[in-house]
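Reading the structure
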Amino acid sequence: MERIGVMGGTFNPIHLSHIMVGSRAYDMLNLDKVLFMPSKQPTYKNMDCIASEEDRCAMIERAIKPYPFFELSDYELKREGPTYSADTFSMLKKEHPDTKYYFIIGGDSLDYFEDWHLPDVILQNCTLVVAPRATELKEKKEAREFAECDYAATADRIRKKFTSKQVDGSLFVPEIVFMSSPLVSISSSDLREYLECGISVNGLVPKEVIDYIDEKGLYQNQAFTKIKADMKALMKPKRYRHILNVAEMCYKLAKLHGYDAVKAYTAGLLHDCAKHLDDQQILAECDKLGIQYDEVEKRQASNLLHSKVGAVWAGDKYGVADEDIISAISYHTTGKPDMSTLEKIVYMSDVIEPGRDMVYTPSLDVIRSIATYDLDLACAHVLNNVVPYLLRTYKDNVCMMSVETYEYYKKYLTEDV
Ligand SMILES: [Fe+2]
Ligand SMILES: [Fe+2]
């Protein structure tokens, strides 16, 4: 009897976790081959973020090429109408009655398996193979232990619920097995977000698939593409690199601090969008836009006012309507007392992005580390490095907002807040 594993899903895009789970199933279950069977465009998912069937198949082909026991199957793609797994497996079984099928699903799918279309038909035609997600595995040393502890009850319930008497009087008991997956946690939706924001997916997606995504420009965010093209055209290369670094740092800090990473990336990408203007141009733009400024700001117009002009431009030129993004751009040079999470993220990212030089801020690496777990304390350290020095050196020529921000944040250096 031939033994065939079936990996289903949208594969949007395929990634190394799919490959590892497929390989593990092949070894563990002594399979003859594993089919990668992409599903059609799911009706409940946003059409925009799903790559075409042709692209998804091309990516799968590239990803599985090194593995002779993997095969791309268009079995679901070529069917008309809804393609339920129940139909797939009953048709496969009818066509190949001597083949034993193993349907490999993620651990998270087991919880709602009973809500699938005709789960009893699926179970009658294949063995369910459950691959726990790596995030869940982190909690346990052994996948087997994990499976027994957490999914045993669900599996038992499913087995009992769908045990039935056959026509010949024998008892049919569904087969559900668990596999210990390699410790990799990758989700296609995270990958699409990385790709949208230009974050590297090296090590998460096979190199050949990354090349294909680049070639075809898949998973791009059109708004980001336009902003980047504008920034590249307007800024000197070093400034443009700084903007990309800040955007990426904003993304990472947002992830670490539970904030919307795409929103943070947007703010980072636009924070210096008016930085190419000189003092006179900035003042003229402030007058045109009705932006108020004081004597100190007038004297350091480009340095201090590009943030305020940039905040207005973010809305006017790039259609940003989110007040938090606008405010984070507006206060990224001075900070302000009691900043929002995004305001702190942008303020910090501007200072700690990897292109910043340690010469000017000797404790930069320490601050970088602090920013990963405490944004208030990181802000306090940055302000403490800068503001007292400015006050000593430039006296009356220091921006009042920076001083007020320092006064607010310095408590984090001494108090247990
Ligand atoms: Fe700036
Ligand atoms: Fe900047």
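Because the structure is a prediction, the values reported are computed rather than measured.

**Some remarks on the overall build of the protein**
Looking only at helices and strands, one finds 21 helices and eight strands in the protein. Taken over C-alpha atoms, the radius of gyration comes to 28 Å for the protein, far larger than the 22 Å a tight globule of 417 residues would show. Referenced to the eigenvectors of the C-alpha coordinate spread, the extents of the protein come out at roughly 95 × 45 × 35 Å. The buried share of the protein, taken over its 417 residues, is 37%. Long-range pairs, those at least 24 residues apart, make up 67% of the contacts in the protein between residues at least 6 apart in sequence.

**Comments concerning the nonpolar core**
Core analysis: the biggest nonpolar cluster contains 55 residues, and Cys250, Ala264, Ala267, Ile345, Met348 and Cys379 have the highest contact counts within it. If we ignore the near neighbours within four places in the chain, the residues touching Met348 are Leu253, Ala371, Leu375, Ala378 and Cys379.

**As for helix α15 (residues 301-316)**
Quick reminder: α-helices carry 3.6 residues per turn. Residues three or four places apart thus point the same way. Helix length check: α15, at 16 residues, gives a terminal C-alpha distance of 21 Å against a target of 22 Å (1.5 Å per residue), a fit within 8%. When α15 is considered as a whole, its buried residues turn out to be Ala301, Leu304, Leu305, His306, Ser307, Lys308, Val309, Gly310, Ala311, Val312 and Ala314.

**Focus on the domain arrangement of the protein**
As assigned here, the protein comprises domain 1 (2-185) and domain 2 (221-414). The C-alpha centroid of domain 2 is placed 47 Å from the C-alpha centroid of domain 1.

**Overview of the packing of α15 against helix α16 (residues 323-330)**
Their axes nearest at 7 Å, the elements α15 and α16 cross at an angle of 155°. In this view, α15 runs roughly antiparallel relative to α16, as classed from their interaxial angle. At the point where α15 passes α16, the crossing takes the right-handed sense. For the pair formed by α15 and α16, the contact residues are Ser307, Lys308, Gly310, Ala311, Ala314 and Gly315 on the first element and Ile325, Ile326, Ile329 and Ser330 on the second.

**Side note on helix α18 (residues 364-371)**
Looking only at α18, the buried set comprises Ile367, Ile370 and Ala371. Looking straight down α18, one finds that the buried residues subtend no more than 100° of arc, so they occupy a single side. For α18, the exposed residues lying more than 90 degrees away from the buried face are Asp365 and Val366.

**Overview of the pairing of strand β2 (residues 33-38)**
Of all six residues in β2, five are buried; the element is thus mostly enclosed. When strand β1 (residues 2-9) meets β2, the two strands line up parallel, connected through six bridges. Bridging across to β2, Gly9 finds its partner in Pro38. Running through helix α1 (residues 16-28), the crossover from β1 to the neighbouring parallel element β2 is right-handed.

**Digging into the sheet that holds β2**
Read from one edge to the other, the open sheet built from six strands follows the order β3-β2-β1-β4-β5-β8, with strand pairing classed as parallel. Looking at which strands have only one partner, the edges of the open sheet turn out to be β3 (70-72) and β8 (176-178). With strand direction ignored, the average angle separating the axes of adjacent strands in the sheet is 30°. Here three bridges tie strand β5 (residues 127-131) to β8, and the two strands are oriented parallel to one another.

**A closer look at unusual backbone geometry**
Residue Pro13 follows Asn12 across a cis peptide bond; omega there is 0°. The topology assignment puts Pro13 in the loop between β1 and α1. The phi torsion at Phe11 lies on the positive side, around 50°, for a residue other than glycine. Note that Phe11 resides in the loop between β1 and α1. Phi angles above zero are rare outside glycine, and Leu118 is one such case at about 45°. Note that Leu118 resides in the loop between α4 (107-110) and α5 (119-125).

**What to know about the confidence of the model for the protein**
Within the protein, residue pLDDT values average 91, and 91% of them lie at 70 or more. When the criterion is pLDDT under 50, residues 136-141 qualifies, and its contacts beyond four places in sequence or with other chains add up to 10 contacts. pLDDT under 50 marks residues 143-148. Its contacts with residues more than four places away, or in other chains, come to 15 contacts.

**Regarding the environment of Pro13**
Judged by the 26 C-beta atoms lying within 10 Å of it, Pro13 falls in the buried class. Considering only alpha carbons, one finds Pro13 and Arg192, 179 residues apart in sequence, at a separation of 7.7 Å. Contacts of Pro13, omitting those with residues within four sequence positions, involve Ala51, Met59, Ser188, Leu191, Val205, Val209 and Ile213.

The rules behind each value
- Each chain has its residues counted from 1, running along the sequence as written.
- Chain letters and ligand numbers both follow the written order, the letters beginning at A and the numbers at 1.
- For a predicted model such as this one, the threshold for reporting local features is a pLDDT of at least 70, and the threshold for listing and counting side-chain atom pairs is 80 or more; totals across whole chains, interfaces and linings nevertheless cover every residue.
- What counts as a helix is a DSSP run of H or I of at least four residues, what counts as a strand is a run of E of at least two, and both are numbered from the N terminus.
- Only the C-alpha atoms count toward the radius of gyration. The rule for a globule is 2.2 Å times the residue count to the power 0.38.
- Neighbour density around each residue's C-beta defines its exposure: 20 or more other C-beta atoms within 10 Å make it buried, 12 or fewer make it exposed, and counts between make it partly exposed, where C-beta atoms are placed from the backbone.
- Here the contact rule is simple: place C-beta atoms from the backbone, and any two residues whose C-beta atoms are within 7 Å are in contact.
- By definition, a nonpolar core groups buried Ala, Val, Leu, Ile, Met, Phe, Trp, Tyr and Cys residues that connect through C-beta atoms lying within 7 Å of each other.
- In this analysis, the expected span of each helix is defined as 1.5 Å times one less than the number of residues it contains.
- For the domains described, the bounds stem from an automatic or database domain assignment.
- Where helices are involved, their axes are fitted lines through C-alpha atoms of the stretch in contact, as for all axes, and angles between N-to-C directions lie from 0 to 180°.
- Should an angle lie under 35 degrees it is considered roughly parallel, over 145 roughly antiparallel, and from 65 to 115 roughly perpendicular; all remaining angles are considered oblique.
- Each helix crossing is assigned a hand: it is left-handed if the near helix lies turned anticlockwise from the far helix by less than a right angle, otherwise right-handed if that turn is clockwise.
- By construction, the arc corresponds to the directions joining the helix axis to the C-beta atoms.
- Two strands qualify as a pair provided that DSSP identifies no fewer than 2 bridges between them.
- For the handedness criterion, the strands are oriented away from the viewer, and a crossover whose path from the first strand over the helix to the second runs clockwise is classed as right-handed.
- Per-residue confidence from the predictor is reported as pLDDT, a score between 0 and 100.

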